[in-house]
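Residue-level listing of the chains:
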Amino acid sequence: MTAPDSVAPRERLRLFVAFPLPRRAAERLGAWQARELARAPDTRPVPTGNLHVTLAFLGSTPGAEVEGIVGVLRDAARAASRPALSPARYRETRSVGMVVLDDEDGRATTLADEVGAGLERLGVYRRERRPWLPHVTVLRFRQRPRLDPPVPALGRVSPSEVALYHSVLRPNGAQHEIVESVALRA
């Protein structure tokens, strides 16, 4: 974890807000990736430690904005209850494979909307026009492999926190570091 006060104000950080997956769910998803996706040529499974549910991708952001972003997370989390997510289907876009999640009672969607609105008011984010889609990116590729794996048996996943992440680009792929996390009500 990176302490928010250790971030240089002029430093630019690649930031996003997400639900960290509970350890057991991440391990099960990692095992599913190894069984169902590892055989696909020219693909890169997302490392188990990087599995998460993104609420908002901010991209390159000045370090001076971190304190305000964490304030938005705290405000949004204060009224939020833990979401209940369950795997619904596998989906591919032009560059990633993902497990799309059902959002029971819409609690994750409500929190994503509140975080997005708060980040927009702060001036560090602009929401997409399309509705937010709860999902976990599990595979990256240059050419779509057109896989059709079974849905992973994760059961209900209930993240206990929402976090601000710093994505550090490395030669072997991105490494995600939590800058600050905020607990959600049970």
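Residues numbered from 1 in each chain as written. Predicted model: local features only at pLDDT ≥ 70, side-chain atom pairs only at ≥ 80, totals over all residues. Heavy atoms only, no water.

Caption draft 1: Representation of helix α1 (residues 23–36). Look at α1: 20 Å from first C-alpha to last across 14 residues, which is about the 20 Å you get at 1.5 Å a residue. If you check which residues of α1 are buried, you get A25, A26, L29, G30, W32 and Q33. Considered in projection along α1, the buried side chains sweep an arc of 160° and stay on one side of the axis. Pointing more than 90 degrees away from the buried face of α1 are the exposed residues R23, R24 and A34. Looking at the buried residues of α1, the elements they touch are β2 (43–45), β4 (84–92), β5 (96–104) and β6 (135–141). (Helix = DSSP H or I, 4+ residues; strand = E, 2+ residues; numbered from the N terminus. Expected span 1.5 Å × (residues − 1). Buried < 20%, exposed > 50% of the residue type's maximum accessible area, 1.4 Å probe, protein only. Arc of directions from axis to C-beta. Contact = heavy atoms within 4.5 Å.)

Caption draft 2: How the structure looks around the side chain of H176. Tracing the chain through its elements places H176 in strand β8 (residues 173–183). The class for H176 is buried, based on a relative accessible area of 19%. In this view, H176 contacts F16, N50, H52, Y165, H166 and S167; residues no more than four positions away in its chain are not counted.

Caption draft 3: Main features of the sheet that holds strand β1 (residues 12–20). Read across the open sheet, the 4 strands follow the order β3-β1-β7-β8; overall the sheet is antiparallel. A single partner strand is all that each edge strand has here, and the edge strands are β3 (52–62) and β8. This sheet shows a mean twist of 25° between the axes of neighbouring strands, independent of strand direction. Pairing geometry for β1 and β3, over 9 bridges, is antiparallel. Residue pairing across strands places R12 opposite P62, the latter belonging to β3. Across the sheet, helix α3 (residues 107–122) touches β1, β3 and β7 (161–170), and the angle it forms with β3 is around 10°. (Pairing = 2+ DSSP bridges. Axes fitted to C-alpha atoms, helices over the stretch in contact; angles between N-to-C directions.)

Caption draft 4: Fine view of the nonpolar core. Formed by 46 residues in total, the largest nonpolar core has its most connected members in V17, L29, L111, L119, V138, V162 and L164. Not counting residues up to four positions away in its chain, the partners in contact with L164 are L15, F16, V17, L58, V66, I69, V70, L73, E177, I178, V179 and E180. (Core = buried A, V, L, I, M, F, W, Y, C linked by side-chain atoms within 4.5 Å.)

Caption draft 5: Fine view of the pattern of salt bridges. Within the structure shown, the criterion is met by 8 salt bridges. Of the charged contacts in the structure, one is a salt bridge between D75 and R78, with a shortest N-O distance of 3.1 Å. Of this pair, D75 and R78 are both found in helix α2 (residues 66–78), 3 residues apart, which corresponds to roughly one turn of the helix. The salt bridge involving E104 is made with R156; its shortest N-O contact spans 2.7 Å. Of this pair, E104 sits in strand β5 while R156 sits in the loop between β6 and β7; the two residues are 52 residues apart in sequence, bridging distant segments of the chain. With relative accessibility at 26%, the residue E104 sits in the partly exposed group. For R156, a relative accessible area of 59% gives the class exposed. (Salt bridge = Lys/Arg side-chain N within 4 Å of Asp/Glu carboxyl O.)

Caption draft 6: Geometry of the packing of aromatic side chains. The tally for this structure, following the rule as stated, stands at 2 aromatic pairs. Consider the rings of F16 and Y165, whose centres lie 4.7 Å apart with planes at 5°: the pair is stacked. One end of the pair, F16, is in strand β1; the other, Y165, is in strand β7, with 149 residues separating them in the sequence. We note that F16, like Y165, is buried. (Phe/Tyr/Trp six-rings, centres within 6.5 Å; stacked < 30°, edge-to-face > 60°.)

What is shown is where atoms sit, not what they do.
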